[in-house]
Structure formats: C-alpha cells, structure tokens
Protein chains: 2
Amino acid sequence: MDKKRLKKYAELTVKVGANVQKGQGVIINASVDQEEFVALITEEAYRVGAKWVEVQWSSQNVTRLHQNYQTLEQLSKMPHWQEEKHKMMAEELPAMIHILSDDPDGLNGVDQEKMQKSNAARRKIVKKYRDAMENRHQWTIVAAPSKAWAKKVFPGLTCAKAKDQLWEAILQTVRVDKSNDPIEAWAEHNRNFQEKCKVLTEYDFDRLHYTSSNGTDFTVWLIPHARWIGGGETALNGVYYNPNMPTEEIFTSPMKGKAEGKLVSTKPLSYQGQLIEDFSITFEAGKAVEWEARKGEDVLGHMIQTDEGSAYLGELALVPYDSPISNAGILFYETLFDENASCHVALGRGFSMALDGFEAMTWEEATNKGINDSLIHVDFMIGSGDLSVDGYTREGKKVTVFHNGNWAL
Amino acid sequence: MDKKRLKKYAELTVKVGANVQKGQGVIINASVDQEEFVALITEEAYRVGAKWVEVQWSSQNVTRLHQNYQTLEQLSKMPHWQEEKHKMMAEELPAMIHILSDDPDGLNGVDQEKMQKSNAARRKIVKKYRDAMENRHQWTIVAAPSKAWAKKVFPGLTCAKAKDQLWEAILQTVRVDKSNDPIEAWAEHNRNFQEKCKVLTEYDFDRLHYTSSNGTDFTVWLIPHARWIGGGETALNGVYYNPNMPTEEIFTSPMKGKAEGKLVSTKPLSYQGQLIEDFSITFEAGKAVEWEARKGEDVLGHMIQTDEGSAYLGELALVPYDSPISNAGILFYETLFDENASCHVALGRGFSMALDGFEAMTWEEATNKGINDSLIHVDFMIGSGDLSVDGYTREGKKVTVFHNGNWAL
C-alpha cells in the first residue's frame, strides 16, 4: 500500500477517529507487526499536539504461550503496576486508538474456559476504572492487515497480494481514496447518520420484531425515550469522535430482561481468537437460554456464561443489507467490518449514552434504567437479504423499519 | 536461519544465559521485529517452569518520534505506574533477557542533549530499585539481527542475505553450531574463564599500564584484592548465569579517581542509537578531562557529562586480539560483540562484585571502597594488534599481562 494513502488513513484515525486534543495523552493498542502504521499514527498524534503517546504492543503468538503455560490462577492475577496504569488512565483520560490486525482464528485450540475465566477475572479488577472512563474520553477502533488475517480473507492469493488486497478493502470502507479528502467524506457521512438517528429516536418504539426466512423470529423491548446513535459521538469532555472506522450502523441498547424468540447468525464470529460459525441463540425474558453452533459451540457457551449480564443483550444495531461494506462482498472474519455489513445485536454490556439524559447519570443509575452490565460486549450478525424489522410505537402503531434487509423508513 | 538452530539458541539463552528458575518471573526486552525469536524464548522459559513471562516491546522508530516531539520535561517524567513496575521487579527479582537488534545508528540526528538529560532523569527515579537488584537476580544480553543492523554490518548484501549472514555470525560467536551441544560448549568455556580469573586475581596488581602505537598510554590503579571476573557469575540467589552471550572478556572495576593518560578508541561505539567514531579520551586523577572524536563528538561529550560518575571508569576488560569474535573479522557496530573482540574499558557505574566480600556489602559500601557510581555504563574498545598491558604488583614487580594484543601470562 502506498505510503501517502496510509498517511491519510493515519491522519483520519487521529483527527476524526480519536480526535486527539492538544495536550492530551494517547494510548495505541497494536500488534507488533504493525510498526509502520503505528509510527504514522504516533507522528500524527504528536502533530496535533499530543502530550505523550504510548504504544501497548501485543503478539498473538506470545499470548497463546501465556494461555497454554500459565496456570489459571496466574493468568487471573493483575500485577499492582498494571492496576496503577488503569488508574492513571481513569484520571488522565487519554485518547485510545485500537488497531485490529490479529488472525481471527489465531488462538484456535487454546483452552476456552481458562481464557474466558482469566480474562473475566482481570477485567473485574479494573472494572471500576473502566466504568469511571465511560463516555468521558475519546476512543476509536481501526484496522490494518496482518499476513494471517489477509490469508484468511483471501485464501487464494499469495501473502503479499492478500495483504495488499485487504489494505485496499479496508481503505475503501473507511473512505480513504487515492484522491479524495477523507476528513470531508466523514463529515458528510456523520451528517447522514444524525438525520436517521433523529427520526428513529422520535418514533420512541415500544418494541422491535425481527423475522427472516432463516429462522429468526425475535421480539425485543426498548427503554422509553431511548436514543438511537450512529457515526460520531460527543464525549463528556465535549470532543466529537468516531469510535469505529468504518461504521455503517445505527444502534441503541435495549431494555434488560425483555426479549423473546430466536436469532440466527448470518456471519461467522471471531471471539478471543477463535471462530464461531452457523449458530443461533434463543431468548426468554431477555436471557439467552438455548444456543447451538456448527463450529465453536463451546466458545459460544463460555462466552454467554461469562457473568450474569453476558446472557443478556447490550445492543441492537441496524445496518442495511446494501451497505457499502456488504456490497464489497468480502467476508472479513472481523466484527469491526462484518458488523457494518449486517444488522447485529450484542450480548453483554450496553451503552449508557443510549439513555435520554445520560450525561448526568452514573453507570449504576444507567443500569437501574435497564442498561445491561457485563464484563463482555460481543456483537454478532443477524442481517440477511430478507430480514424484516417492524417497530411498534407505544400507541400500538406498526411501522416497517427494515424490509428485505434494507431501510423501509 | 533454520528454526532448529534458533530453538537451540533460545534454549541456550534461557538455560545458560538467564538460567531461569522454576517459579521465577521473566522479563524480555525486545524490538517489535523480533517476534519469532521472542516467542521461542518465551516458550523455553515456560518449559523450564517460569511462573510468568512479560515482553517489553520497543520500536526505535517510535522512540525517535517520542524524542523529537515530546518536551524535555515530559520525556524526563516517569508515570507512577512505571515506577511501581520497577518496585515489583526489585521485590520479585525476575530473570531479565535483553535481545539487542536495533540499528546501531538508528537514532542518528535526534537531539543528543535532550535524550541524554531525559534518560538520565528517568534512570534517577528508578535508581533505588536498580541498586536494590544489584547482584540479586540473573540477567542476560543476547542479540538477533534486524534488517537495518544487518545492512550496516554487510552493506553489500541484499536485506535478506545480510540478515542470514548476521544470524550466522551471531550463532557462531555464541557457539550454536548445527550439530554441537551449545550447553556443553558453554560449560567448557566457563571453566576456562574461571582458571584465568583465578590467576589474575591472585596477582592482586597495584596498577596496569596500557601502551599502543596508536597513541594509547594510560595507567590505572586497582582496588586491593579486587576480583577478576569472566564468563558466568553467581547471583546472590545462588543461581549461576551468563550476563553476556557472547563473552570473551575478563574484567574488573578499577579504583575510582586513580587513572592517568590517554586512551585511543579502536572501534566505533554505538551509544543511544548514534555512532561515535575515531575518538580518544584523556584522564587526570581518574576523570575524563579531554576528548575528541571524528564523528559524534557531541554525543561523546554529553555521555561523559551525564552525571558526576560518568566521567570516571567503571570497568577494565581484557580480551585477546585473537579472540574468536575478533578473528571473524566482522565489525558489528554493537558493543556486545565488538567489546568481545577487543580490550575495552567502560565509563560509568562499576560492579560491586569486583570486590572481595561483595556478598555482604550494600551498594553504598561498595562505592566507599572505590567502585564508581553513575546512571550510565558504556564500554568502548581500545584493543589493537600491538597493545601491551603491564601489571605492577604491590611489591613493585612488573608482569607482562598482554603483549601484541594477546595474553602473555
């Protein structure tokens, strides 16, 4: 990929994604094979005035060794200095930039239960710091190809060609063309989101009913006056940022404990480095009570049973079947992309910003109003070419929101 | 480089270099381009029973950006969580494995004074923790080629060939052949060191006099009953380890404040990512009072003036001109190798283990006996084909230690 275009992407990540502010700290999470892109982002962050930038490097190969050799007890510990680091983050509120590049199936074979339990234990230790950061700082998730991920998406190509092709696909989806101004393109994209969100929020639906010929038949209830959100968001520090690049979704958090029926997945899901394929989940009183999967059923089961909240929903997201990412016809095996090619829902933690008046609420108050709490938040895809979503207003009026997989409003 | 030989090197690093103990923690310092070798070392460490392994990744490209864009004030700070990490290390005493691979000239052009001052400020913050770790845990420095380093050593070769060639050279110097048992080879190597160290220590020289046709004419006084050390060492936890791989040197720490004359460098020195070439340093009353260099004179000057102790010597090391590394005829531009091809001395911090009875001393007691203290320890090479080193015993007897660059004992 030519360096000029990569630089445009780095600039977009810093200015539109995380919208790094003068004097702010920046933390970049990246895999060790992304040095070139990380250096470009680091330089852009300093150019806009970042006070400091820290890269938290990781290696999936080394992670696999930790998981295989350390005891569950050791893996579940968090050294005191790491807790101090989270504390610093909760106090200083740095902008966070996550670069996804790992092999979606790169931790295949690792003991799921051990990984699940130890990850949950460590998340629990820092939960109070993460809760304290909720909505208060900017963060963004972007992507860059590793060799292994590229080969997964384009198995017929050589490593180098697959990587080039995946770069091309990523840059297309984030609107970084050879000759355009991506920052202007995102301003336009965000304006479109705002209009759609306004319409949906004003309907104030009581519930949504999902149906598809694949077996999906599912009703979920919404929180009164819930906000629909899409594109950029404004953190409580007043800074407008884009948490996901790309993004094509409009979403809200549903009322905890009120959902009935079955959702059938329409794309594979990579969770903690392992793939779950062709699965369905049945809900009763909002809770996942039954599930099955052709591949990765144990991964799915451990995920759903992480904690009390991981069996409940935290997000409903609407994405047209004809979205640009969907139309590219590429299965990315990476939620950041696949979720933006398909209607999806998430198990686990919800978003307090889906509540009217969230700015003045603590996280605890938000959960009392029906936002789900959990250590996890995992999207999975349920969009299809014949998906219908009907909204029912609080006055009982039926409104077709999606028809044949696309917007009907 | 074939994976089998790399695995032998990783095993040697863990078992003979750091000699990682069952139940011990391990910290690996490595550049992001060394994932393959790091993963091999990590697995070996777990195999011998490491409780945990942590990799502290770095990138010279990102370091350059920090140095160029952060203020001196910001660079000089150490976040509280990092100090907590050093505290943990001083308490838990993990084995440390440092993998050198950076471009020896990779930070060329960076503001020397700023880098020097900020590094010194951060080292000062954690000095008490590092002092507390002195002699109490195992550590080892090994090497692996990066593209940039390999091209510096073999500028006429393609990147891939230069890297292969440098791997070959490194593996030769650390005695990892295709068919040998490197662990047995190191046991033999260490036995030879022990014999030589015994002889030198028993002479209990009052002073050494260095002369060479290149202009070196230098006398340095030794601490009474000083120990000469070489090859493996035993940490105070009782574990025998090899701090440097390769190593061909026998060394001690001189008496602070007692050295007169001029030392002329015989190899380039890479310091903080910048090269210093063709330089000389003149000492009076043990202190560097004059210096000049054809290249990197300001780097040299800033280094010598880091703190009070950085103008005094911390090490004298004897290496025959005909050492295996020297005979390989390769200029590595990397002190770990070049110091083992040449007699050298170090400016800065000395070794308390050079003192008779060091096991029962604090660091402060060691400095009171004449061991130099500083935030830095930087070796530079002074060995040549006609270097003579004469020892004078406390009874006034002259003993030729080195003649024409080689052992004369």
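Residues numbered from 1 in each chain as written. Chains lettered and ligands numbered in written order. Predicted model: local features only at pLDDT ≥ 70, side-chain atom pairs only at ≥ 80, totals over all residues. Heavy atoms only, no water.

**Some remarks on empty space enclosed by the protein**
Empty space among the atoms becomes visible once a probe the size of a water molecule is rolled across them.
All names here are of chain B.
So, step 1. If you walk through the whole model with that rule in mind, you get 3 cavities of 30 Å³ or more.
So, step 2. Computed from the structure, the largest cavity encloses a volume of approximately 40 Å³.
So, step 3. Lining the largest cavity we find V220, P254, M255, K256, G257, K258, A259, G286, Y312 and L313.
So, step 4. No other element matches strand β11 (residues 254–264), which puts 6 residues into the lining of the largest cavity.
So, step 5. Of the residues that constitute the lining of the largest cavity, the class distribution is 6 nonpolar, 2 polar and 2 charged. (1 Å grid on protein atoms, 1.4 Å probe; cavity = no way out; pocket = protein on both sides within 12 Å on 5 of 7 lines; lining within 4 Å. Points joined across faces, edges and corners; volume = space filled by probe spheres on them. Helix = DSSP H or I, 4+ residues; strand = E, 2+ residues; numbered from the N terminus. Nonpolar A, V, L, I, M, F, W, Y, C, P; charged D, E, K, R; others polar.)

**Details of the nonpolar core**
So, step 1. Core analysis: the biggest nonpolar cluster contains 102 residues, and I28 and I99 of chain A together with I28 and I99 of chain B have the highest contact counts within it.
So, step 2. The residues contacting I28 of chain A, other than those within four sequence positions of it, are V38, I41, T42, V53, E54, V55, Q56, I97 and I99 of chain A. (Core = buried A, V, L, I, M, F, W, Y, C linked by side-chain atoms within 4.5 Å. Buried < 20%, exposed > 50% of the residue type's maximum accessible area, 1.4 Å probe, protein only. Contact = heavy atoms within 4.5 Å.)

**A few points about the packing of aromatic side chains**
Residues and elements named next belong to chain A.
So, step 1. What the rule picks out here adds up to 27 aromatic pairs over all chains.
So, step 2. Between F332 and F337 the ring centres are 4.5 Å apart and the planes differ by 20 degrees, which places this aromatic pair in the stacked class.
So, step 3. Its relative accessible area of 0% is what places F332 among the buried residues.
So, step 4. Overall, the relative accessible area of 0% leaves F337 in the buried class. (Phe/Tyr/Trp six-rings, centres within 6.5 Å; stacked < 30°, edge-to-face > 60°.)

**Focus: the pattern of salt bridges**
So, step 1. Under the criterion given, the structure shown has 50 salt bridges over all chains.
So, step 2. Taking the shortest distance from any N to any O, the salt bridge between D206 of chain A and R207 of chain A comes out at 3.1 Å.
So, step 3. Note on D206 of chain A: relative accessible area 19%, which makes it buried.
So, step 4. Between R191 of chain B and E184 of chain B there is a salt bridge, with the nearest N and O atoms lying 3.5 Å from each other.
So, step 5. The class for R191 of chain B is partly exposed, based on a relative accessible area of 41%. (Salt bridge = Lys/Arg side-chain N within 4 Å of Asp/Glu carboxyl O.)

**Thoughts on the relation of the copies chain B and chain A**
So, step 1. The two copies are related by a screw motion: chain B maps onto chain A through a turn of 180 degrees and a shift of 0.0 Å along the axis, at an RMSD of 0.0 Å. Within this description, the copies of the chain are treated as partners about a two-fold rotation axis.
So, step 2. When the interface residues of chain B are mapped onto chain A, 100% of them again lie at the interface, so the same face is used by both copies. (Least-squares fit on C-alpha atoms with pLDDT ≥ 70 in both.)

**A few points about the sheet that holds strand β17 (residues 377–381) of chain A**
All names here are of chain A.
So, step 1. Spatially, the 5 strands line up as an open sheet ordered β7-β10-β15-β16-β17, and their pairing is antiparallel. Where the open sheet ends on each side, the last strands, each with one partner, are β7 (229–230) and β17.
So, step 2. Strand direction decides the pairing type here: strand β15 (residues 313–318) and strand β16 (residues 344–348), joined by 4 bridges, are antiparallel. Its bridge partner lying in β16, E315 is registered against A346.
So, step 3. Against the sheet, helix α9 (residues 182–203) touches β7, β10 (250–252) and β15, its axis set at about 40 degrees to β10. (Pairing = 2+ DSSP bridges. Axes fitted to C-alpha atoms, helices over the stretch in contact; angles between N-to-C directions.)

**A word on helix α6 (residues 112–133) of chain B**
All names here are of chain B.
So, step 1. At V126, α6 shows its maximal kink, close to 55 degrees.
So, step 2. Residues Q112, K114, M115, Q116, S118, N119, A120, V126, K127, Y129, D131 and M133 constitute the buried set of α6.
So, step 3. The opening residue of α6 is D111, an N-cap whose side-chain oxygen sits 3.0 Å from the backbone nitrogen of E113.
So, step 4. Taken from the residues just after α6, N135 is the one with a positive phi, measuring 65 degrees. (Bend = angle between axes of the 7 residues up to and from the residue. Polar contact = N/O pair within 3.5 Å; in protein donor to acceptor, adjacent residues only side chain to side chain.)

**Examining unusual backbone geometry**
Residues and elements named next belong to chain A.
So, step 1. For the bond from M245 to P246, the omega torsion is 5 degrees, close enough to zero to count as cis.
So, step 2. Structurally, P246 is set in the loop between β9 (240–241) and β10.
So, step 3. We note that R175 has phi near 65 degrees; this positive angle belongs to a residue other than glycine.
So, step 4. Structurally, R175 can be placed in the loop between α8 (159–173) and α9.
So, step 5. Positive phi, close to 60 degrees, is recorded for H225, a residue that is not glycine.
So, step 6. Locating H225 in the fold gives a position in the loop between β6 (217–222) and β7.

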